[in-house]
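The residues making up each chain are set out below.
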Amino acid sequence: NRVLQVPLEKFSSEDISFLSDHFKIAAPGEIPDAPDLPVEDGLKWPLGKASGPIEAQAGSSYFVYLPKQLPKGRKHPLLMVLNPHHGNAGTLQRYIAGAERNGWILITSVESANENDGTSVVPAVKHAMGNFPVDPARVYLGGFSGGSSRSFALSKEVKAAGVLACGMGACGAPLDRDLTIYAMAGTHCWNRVNTAASLSEQGSGSKQSFMRYLPGKHEWGGSELMEDGITHLNEVFLSNHRKDHEQ
């Protein structure tokens, strides 16, 4: 009546192949197959492609990406991505791998940009929450440069669970102690110091936040980094709310 745990690599190649197929074990770096669950089929917008622009109200519109395997009957995290030069379908591209792996819904504001005050963002978030199966406790903001800074500035207003920051920090915006931050900046980015400072400004709440550097200057992180960021934010929330999200 003993349970023996044996690393998979200790088996023969034939057994590894059999076990991987039988238990649907993904290879390292591979996105595992989604569980065999019914997917959402009653939404106005298709799964697996960016759609839009969708008008939330006058002066506020957004693009949306719904994962290919969006389980039906569940609520899902929502990530609003802010482009410093107006959002479009391409803005979401580098976030799709993370959204697919973790089951997140992505949106990006069309109007929000460095040259305006960002009043278009909150109506778009609220519209998405009312028209897609969004978990209200799992709303996230993120973006690059000015879009990253705006994510921090609006985090309290949308009651964000976390921020996925790239290329700029909070710049003095008041931060909720429970906000989880995944921040990144280039090793030669002129905003690398204020990006990292956002975690120390948060105080004790930064224990579950994370800062990483990427080779380069002031530039947007790639798909692999965004996937890592989304996965980190997802893991922190699920770890802190295990009983409520056992499925």
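Residues numbered from 1 in each chain as written. Predicted model: local features only at pLDDT ≥ 70, side-chain atom pairs only at ≥ 80, totals over all residues. Heavy atoms only, no water.

### With respect to the overall build of the protein
How we decide: Secondary structure elements follow DSSP: runs of H or I of four or more residues count as helices, runs of E of two or more count as strands, with numbering from the N terminus. All radius of gyration figures rest on C-alpha atoms, and the globule criterion is 2.2 Å times the number of residues raised to 0.38. Only protein chains enter the calculation, and the probe is 1.4 Å; a residue is then buried if its accessible area is under 20% of its type maximum, exposed if over 50%, and partly exposed in between. Contact definition: two residues touch when any of their heavy atoms are within 4.5 Å. Surface accessibility in these figures is a Shrake-Rupley result with a 1.4 Å probe; residues are shielded only by whichever protein chains are displayed. By the counting rule applied here, Lys and Arg register as positive and Asp and Glu as negative, while His and the ends of each chain are not counted. Charge positions come from single atoms, namely NZ of Lys, CZ of Arg, CG of Asp or CD of Glu.
Regarding its fold elements, the protein presents six helices and eight strands. Of the regular secondary structure in the protein, the N- to C-terminal order runs α-β-β-β-α-β-α-β-α-β-β-α-β-α. Relative to the 2.2 N^0.38 estimate, which gives 18 Å for 247 residues, the radius of gyration of the protein is 19 Å and therefore close to what a compact globule would have. In the protein, which comprises 247 residues, the share counted as buried stands at 48%. Partitioning the intrachain contacts of the protein with sequence separation of at least 6 by distance along the chain shows that 64% fall at a separation of at least 24. Accessible area for the protein stands at about 13000 Å²; split by element, carbon and sulfur atoms hold 51% of it. A distance of 4 Å separates the average location of the 23 positive side-chain charges in the protein from that of its 26 negative side-chain charges.

### Description of the environment of Ser 151
Among the secondary structure elements, Ser 151 is positioned in helix α4 (residues 146-154). Considered as a pair, Ser 151 and Met 168 are 17 residues apart in the sequence and their alpha carbons are 9.9 Å apart. If near-sequence neighbours (up to four positions away) are discounted, Ser 151 is found in contact with Leu 82, Leu 141, Gly 142, Gly 143 and Val 163.

### Describing the sheet that holds strand β2 (residues 60-65)
Strands in a sheet are paired, the pairing made by backbone hydrogen bonds, and the direction either parallel or antiparallel. This is how the line gets drawn: Strands were regarded as paired on the criterion that DSSP finds at least two bridges between them. A fitted line through C-alpha atoms represents every axis, and for helices the fit uses only the stretch in contact; the resulting angles, taken between N-to-C directions, go from 0 to 180 degrees.
Strand order in this open sheet of eight strands is β1-β2-β4-β3-β5-β6-β7-β8, and the pairing throughout is mixed. Among the strands making up the open sheet, the edge pair consists of β1 (50-57) and β8 (210-214). Each adjacent strand pair in this sheet contributes to an overall mean axis angle of 20 degrees, direction not counted. As defined by bridge partners, strand β3 (residues 76-82) adjoins strand β5 (residues 134-144) across six bridges and the pair is classed as parallel. The residue of β5 that forms the bridge with Val 81 is Gly 142.

### Examining the pairing of strand β7 (residues 180-186)
Taken across its seven residues, β7 has seven buried, putting it largely inside the fold. As judged from the five bridges shared by strand β6 (residues 162-166) and β7, these two strands associate in the parallel manner. Looking at the pairing, Gly 162 lines up with Thr 180 of β7. Here β7 pairs with β8 via five bridges, running parallel. When the sheet's bridge partners are listed, Tyr 182 is paired in β8 with Phe 210.

### Here's the deal with the packing of aromatic side chains
Heads up, the rule is: Ring pairs shown here join Phe, Tyr and Trp side chains whose ring centres sit within 6.5 Å, with only the six-membered ring taken for Trp; geometry is labelled stacked below 30 degrees between planes, edge-to-face above 60, and tilted in between.
Applying the stated rule across the entire model yields four aromatic pairs. Here Trp 45 and Phe 132 contribute two aromatic rings whose centre-to-centre distance is 5.1 Å and whose plane-to-plane angle is 50 degrees, an arrangement assigned as tilted. Taken together, the positions of Trp 45 in the loop between α1 (13-23) and β1 and Phe 132 in the loop between α3 (121-131) and β5 put the pair 87 residues apart, joining distant regions of the chain. Judged by relative accessible area, which is 4%, Phe 132 ranks as buried.

### Comments concerning the pairing of β3
Put simply, the rule is: Viewed with both strands pointing away, a crossover whose connecting path from the first strand over the helix to the second turns clockwise is right-handed.
By the criterion of burial, β3 is predominantly enclosed, with seven of the seven residues buried. Of the pairings in the sheet, the one linking β3 to strand β4 (residues 105-109) comprises four bridges and is parallel in character. Opposite Val 81, over in β4, you have Thr 108 as the bridge partner. Since β3 and β4 lie parallel, the crossover through helix α2 (residues 96-102) that links them has a hand, and here it is right-handed.

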